[in-house]
Amino acid sequence: MEKSFDEHLHGHPALSDTDFVADNYRRILDDINNACLTVGRKADEVTLLGVTKTVDAPRINRVIQEGLTHIGENRVQEFLGKRSFLHLDGVNTHLIGPLQTNKVPKIVGEVDMIESIDSIRLAQAVAAAAQRAGVTMDVLVEVNIGGEASKSGVSPDMLEDLLWQIGLLPGLHIKGLMTILPILDDDREKRRFFSQMYKLFIDIKSKSIDNINMSVLSMGMSADYVQAIQEGATLIRVGSALFGKRTY
Ligand SMILES: *Cc1c(COP(=O)(O)O)cnc(C)c1O
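Read on for an overview of the structure. Computed from a predicted structure; not experimentally measured.

### Here we look at the site of the ligand
Alright, step 1. Around the ligand, the neighbouring residues are Val51, Lys53, Asn74, Ile96, Ile180, Met221, Ser222, Arg237, Val238, Gly239, Ser240 and Arg246.
Alright, step 2. Take lysine 53: an N or O atom from its side chain is 2.6 Å from an oxygen atom of the ligand.
Alright, step 3. A distance of 2.7 Å separates an oxygen atom of the ligand from a polar atom in the side chain of asparagine 74.
Alright, step 4. When isolated, the ligand has an accessible area of 390 Å², and the protein chains bury 90% of it.
Alright, step 5. In terms of residue class, the shell around the ligand is made up of five nonpolar, four polar and three charged.

Written out as structure tokens, the structure is:
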């Protein structure tokens, strides 16, 4: 019999046993395929990024071995401490968590993309560090689509202004947008927020702002990646559904 989502999340055996993450990985790839089928998208338009915060190296390496090509970490320190244990050949690394300006020099040039740019101040710090390091940093701008006070991200009505300003900075390539949805039970509500994000993404794309290349729309997590794909996500960030429940 098929295991339920809950069993995958909570019922995993000892940490050293990595078979369950390989199972989860294949199941999520199936979900991606099916979600794409329901809306006439191609599965290769959607990239799965495994969110590795609090996850030990054996589990991460197992999914990489199974074919995972993108991982994301929330914290600069955790990523830098863990990466020498990871088999990162050919794997893209993203920073997806809130970034303090004092940590910027440590991470610029060390990951392939920073997804959490949400102010001109932070963008300037990343641009300056990138120039000092002699690199160009790919970034996404994070949007607070649910308007929650507790969430980071720029509000949708400030987004275009911010993009015009960031577009002027050297050392950065703006590749798209990222968002974290509020916690919602209703699938239609999820889709409504995701479709608002997609609309912003398409609007900005049509405006051809300097140095802005809207190719990545990063949205959808364990609880809502199916709805995100149905509304146009190109990158989904999946943690617990892939690696099991997090223990901090
Ligand atoms: C933790 C995290 C995720 C993944 O969350 P899950 O619900 O475990 O899939 C995705 N994006 C960001 C920014 C995160 O911090």
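### Quick look at unusual backbone geometry
Alright, step 1. One non-glycine residue, threonine 54, adopts positive backbone phi at about 65 degrees.
Alright, step 2. Checked against the element boundaries, threonine 54 lands in the loop between β1 (47-51) and α3 (57-66).
Alright, step 3. When its relative accessible area of 25% is taken as the criterion, threonine 54 is described as partly exposed.
Alright, step 4. Positive phi is not limited to glycine here, since serine 208 has a value of about 35 degrees.
Alright, step 5. Mapped onto the elements of the fold, serine 208 is located in the loop between α8 (187-207) and β7 (212-218).
Alright, step 6. Relative accessible area serves as the criterion here: at 60%, serine 208 is assigned to the exposed category.

### Structural notes on the pairing of strand β4 (residues 113-117)
Alright, step 1. For β4, the buried fraction is high: five of the five residues fall into the buried class.
Alright, step 2. As judged from the two bridges shared by strand β3 (residues 92-95) and β4, these two strands associate in the parallel manner. When the sheet's bridge partners are listed, leucine 95 is paired in β4 with isoleucine 114.
Alright, step 3. Examined bridge by bridge, β4 and strand β5 (residues 137-143) share three bridges and lie parallel to one another. Bridging from a neighbouring strand, methionine 113 pairs with aspartate 138 of β5.
Alright, step 4. For the crossover from β4 across helix α6 (residues 120-133) to β5, the handedness is right-handed.

Analysis parameters
- Residues numbered from 1 in each chain as written.
- Predicted model: local features only at pLDDT ≥ 70, side-chain atom pairs only at ≥ 80, totals over all residues.
- Heavy atoms only, no water.
- Near = heavy atom within 4 Å.
- Polar contact = N/O pair within 3.5 Å; in protein donor to acceptor, adjacent residues only side chain to side chain.
- Areas by Shrake-Rupley, 256 points an atom, 1.4 Å probe, with all protein chains shown as cover.
- Nonpolar A, V, L, I, M, F, W, Y, C, P; charged D, E, K, R; others polar.
- Helix = DSSP H or I, 4+ residues; strand = E, 2+ residues; numbered from the N terminus.
- Buried < 20%, exposed > 50% of the residue type's maximum accessible area, 1.4 Å probe, protein only.
- Pairing = 2+ DSSP bridges.
- Right-handed = clockwise from strand over helix to strand, strands pointing away.

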